[in-house]
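The lines below spell out each chain.
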Amino acid sequence: MSVSPLSSLEAEGLSCIRGGRLVFRELGFRAEAGQAIAVEGANGAGKTSLLRLIAGFLAPASGAISFESDDGVIADGEERGRYVGWLGHHDGAKPQLSPREMLVFCAKLYGVTADVDALLRAVGLVRAADLPCQYLSAGQKRRLALARLSLSARPLWLLDEPLAALDAQGKSLLRDWIAAHCAKGGIVMAATHEPLGLETTRLAL
């Protein structure tokens, strides 16, 4: 199901507690349409937790997160999830399904029309298109996850260590897709230890 583009994302006074430990407190930032933000910090600083808070997977200990779109202001965590394309540590590939079957399923799930063969070519999975995902390498599974992300047609991409397991060609592809997403007015927030290799705004935790 398609959603309206986002004009902004804003966090105010955001605090996060995980396992009884205060991860960060009183965090505030704003992202505008077309902007890419690199979330930086040491291990345990809360980069993944921040992305999960924005996506609505976690509730903040205090503070608020809101999106602004043509639909109005969206503050509810579950409602925010409809605007999010997520790329996390887990590849989400079903072992017995092939990449082609996964992408056909995802296109139906997101309610989009997709040229699956063209997408498989774009991510370099043509030769593995009909191979069960359990036989894919870590890099191939990551490429499949990128293909699913592009199918989501969501205005906000939340990327957790997006360059992990990708070779140089895969990293170049991801950078091109991030740049294209932002050029179309999308917003990208990427938690990463490795420079993305494109213009970003830094958010240090």
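Quick look at the structure, then. In this text the structure is predicted, and so the values were computed from the model without any measurement.

The rules behind these values
- Residues numbered from 1 in each chain as written.
- Predicted model: local features only at pLDDT ≥ 70, side-chain atom pairs only at ≥ 80, totals over all residues.
- Heavy atoms only, no water.
- Helix = DSSP H or I, 4+ residues; strand = E, 2+ residues; numbered from the N terminus.
- Expected span 1.5 Å × (residues − 1).
- Buried < 20%, exposed > 50% of the residue type's maximum accessible area, 1.4 Å probe, protein only.
- Arc of directions from axis to C-beta.
- Contact = heavy atoms within 4.5 Å.
- Pairing = 2+ DSSP bridges.

### A short note on helix H3 (residues 99–110)
For H3, spanning 12 residues, the distance from its first C-alpha to its last is 16 Å, which sits close to the expected 16 Å at 1.5 Å a residue. Of all the residues in H3, the buried ones are Pro99, Met102, Leu103, Cys106, Ala107 and Tyr110. The buried residues of H3 occupy an angular sector of 135° when projected down its axis, which confines them to one face. Those residues of H3 hidden inside the fold are in contact with helix H4 (116–122) and helix H5 (138–151). Directly after H3, the chain includes glycine 111, whose backbone phi takes a positive value near 70°.

### A word on the pairing of strand E4 (residues 62–69)
As judged from the seven bridges shared by strand E1 (residues 6–18) and E4, these two strands associate in the antiparallel manner. Looking at E4, one finds that leucine 9 is bridged to phenylalanine 67. In terms of strand pairing, E4 meets strand E5 (residues 72–74) through three bridges, oriented antiparallel. Paired with serine 69 across the bridge in E5 is glycine 72.

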